[in-house]
Amino acid sequence: MRIVALAGGIGGARFLRGLLAAVGPQDEITVIGNTGDDIHLYGLKVCPDLDTVMYTLGGGINEEQGWGRTDETWSIKAEMKEYGVGPEWFGLGDRDFATHLVRSQMLTAGYSLSQVTEALCVRWNPGVRLLPMSDDRVETHVRITDEQGTRAVHFQEYWVKLHAAVDAEAIIPVGADTAKPAPGVLEALAEADVILFPPSNPVVSIGTILAVPGIREAVAASPAPVVGLSPIIGGAPVRGMADKVLAAVGVEATAEAVALNYGPDLIDGWLVDTADEKAVAAVEAAGIACRAVPLLMTDVEATAEMARTALGLAEQVRK
């Protein structure tokens with residue numbers, strides 16, 4: 001079976017770990033990773049979502065945080081602070097720095113982000129084929145109004161520095177409209193047997209991937225069933241502040257509203273948590289097959305069962 005998953009950071013990475021546990025060694029998983037969170041810091045290209053997937057599946061993630069490296073040290077960050085070089089609000093540990101140094105050196109040498117990602121994965125052996133959504137530069141920005149007035153800030157600044165404490169007025173995937181899907185992305189979608197939307201942020205993770213011209217169209221046109229898992233349980237995000245960015249695009253923070261925002265033209269099946277069982281009828285009335293099952297990723301086996309259920313629903317709705 002050829003499975004394609006569109007994934008953001010922590011939620012997507014943890015779901016993928018369960019998916020790997022749920023499928024057989026003969027099955028192939030291609031992950032199309034969000035690069036809208038990418039940022040340039042200290043002269044380096046940082047790809048938080050790609051790295052979180054790579055570290056999580058490769059056994060190098062800081063499990064408590066869900067991001068960054070395990071057994072991390074912070075000597076470089078401390079030295080940069082002594083030089084008065086920021087930003088202090090974004091934490092890059094020493095081990096993490098090495099990844100960004102290698103990536104930036106390769107990009108400067110003329111390799112594409114796809115080629116660099118493939119090379120980095122040789123070390124981590126994540127068990128999936130990890131593709132960036134695009135080799136072109138795309139950055140998600142957020143329009144806010146605060147004491148400095150109305151302005152746009154990089155998504156990382158909004159999320160990490162400001163902790164989403166001010167309302168998001170608009171989400172702008174800068175550069176997405178002129179970006180091209182990375183090599184292999186459209187081919188993977190066209191050849192997929194199943195396409196999955198993990199419980200990643202529907203606006204700034206999966207939404208940004210779909211904003212790259214050609215990707216949404218390829219998902220919609222694929223003969224493969226498309227099944228998503230709700231990142232919203234009981235009217236609140238499982239992790240992070242997805243409700244803030246959902247509000248910016250006029251979508252309620254409910255499992256039902258997120259499904260309807262994707263729509264029946266894009267997804268064929270949708271899983272909600274048992275806490276949201278009342279949403280099933282409304283989602284199905286919109287033409288999307290829906291099931292209520294436990295969706296908390298408490299451990300790998302619980303997550304693997306979520307993945308099995310998603311794959312089972314895909315078989316039921318196969319076009």
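Bear in mind the structure is a predicted one, so any value in this text is a computation, not a measurement.

Looking at the overall build of the protein chain
Helix and strand counts for the protein chain come out as 13 helices and 14 strands. Taking 319 residues into account, the globule formula puts the C-alpha radius of gyration at 20 Å, and the protein chain, at 19 Å, falls close to it. Structurally, the protein chain occupies a C-alpha span of about 60 × 50 × 40 Å along its principal axes. Expressed as a percentage of the 319 residues in the protein chain, the buried residues total 54%. Taking all contacts inside the protein chain whose residues are at least 6 apart in sequence as the whole, residues at least 24 apart take part in 70%. Counting every atom, the protein chain has about 13,500 Å² of accessible surface; 51% of that belongs to carbon and sulfur. Looking at the protein chain, you have 24 positive and 42 negative side-chain charges, and the mean spots of the two groups are 2 Å apart.

Considerations on the pairing of strand β7 (residues 149-154)
One ladder, built from 6 bridges, connects strand β6 (residues 139-146) with β7; its direction is antiparallel. Within β7, the residue paired with D146 across the bridge is G149.

Let's talk about the sheet that holds strand β8 (residues 170-174)
Read from one edge of the open sheet, 3 strands run β7-β6-β8, paired in antiparallel fashion. Since the sheet does not close on itself, it has two edges, and those belong to β7 and β8, each with one partner. Each adjacent strand pair in this sheet contributes to an overall mean axis angle of 30 degrees, direction not counted. Of the pairings in the sheet, the one linking β6 to β8 comprises 5 bridges and is antiparallel in character. Pairing of V142 across the sheet is with I171, part of β8.

Points about the packing of helix α1 (residues 10-22) against helix α13 (residues 300-316)
For the pair α1 and α13, the least separation of the axes is 7 Å and the interaxial angle reads 75 degrees. Our classification of the angle between α1 and α13 gives roughly perpendicular. Contacts between α1 and α13 involve R14, F15, R17, G18, L19, A21 and A22 from the first element and V300, T303, A304, M306, A307, R308 and L311 from the second. Of the residues that constitute the contact of α1 with α13, the class distribution is 9 nonpolar, 2 polar and 3 charged.

Description of α1
Since one α-helical turn is 3.6 residues long, residues separated by three or four positions face the same way. Its 13 residues give α1 an end-to-end C-alpha distance of 19 Å, which sits within 8% of 18 Å, the value for a rise of 1.5 Å per residue. Taken together, the buried positions of α1 are I10, G12, A13, F15, L16, G18 and L19.

Here we look at the packing of aromatic side chains
Within the structure shown, the criterion is met by 6 aromatic pairs. Here the aromatic cluster, defined as three or more aromatic residues joined through ring pairs, consists of F197, Y262 and W270. For the cation-ring pair, R69 lies above Y55, with the distance from its terminal atom to the ring centre recorded as 5.5 Å.

Here we look at the nonpolar core
The tendency in soluble globular proteins is for nonpolar side chains to be buried side by side. Residues L6, L189, F197 and W270 are the most contacted members of the largest nonpolar core, which totals 54 residues. A total of 5 residues in this core trace back to one element, the largest contributor, which is helix α11 (residues 255-262). Those residues in contact with L6 that sit more than four places away from it in its chain are I32, L189, I195, L196, F197, P198, I206, I209 and L210. F15, Y55, A314 and V317 belong to the second largest nonpolar core, which has 41 residues in total.

Scoring rules and cut-offs
Residues numbered from 1 in each chain as written. Predicted model: local features only at pLDDT ≥ 70, side-chain atom pairs only at ≥ 80, totals over all residues. Heavy atoms only, no water. Helix = DSSP H or I, 4+ residues; strand = E, 2+ residues; numbered from the N terminus. Rg over C-alpha atoms; globule rule 2.2 N^0.38 Å. Buried < 20%, exposed > 50% of the residue type's maximum accessible area, 1.4 Å probe, protein only. Contact = heavy atoms within 4.5 Å. Areas by Shrake-Rupley, 256 points an atom, 1.4 Å probe, with all protein chains shown as cover. Lys, Arg positive; Asp, Glu negative; His and termini not counted. Charge placed at Lys NZ, Arg CZ, Asp CG, Glu CD. Pairing = 2+ DSSP bridges. Axes fitted to C-alpha atoms, helices over the stretch in contact; angles between N-to-C directions. Parallel < 35°, antiparallel > 145°, perpendicular 65-115°, else oblique. Nonpolar A, V, L, I, M, F, W, Y, C, P; charged D, E, K, R; others polar. Expected span 1.5 Å × (residues − 1). Phe/Tyr/Trp six-rings, centres within 6.5 Å; stacked < 30°, edge-to-face > 60°. Lys NZ or Arg CZ within 6 Å of the ring centre and 35° of its normal. Core = buried A, V, L, I, M, F, W, Y, C linked by side-chain atoms within 4.5 Å.

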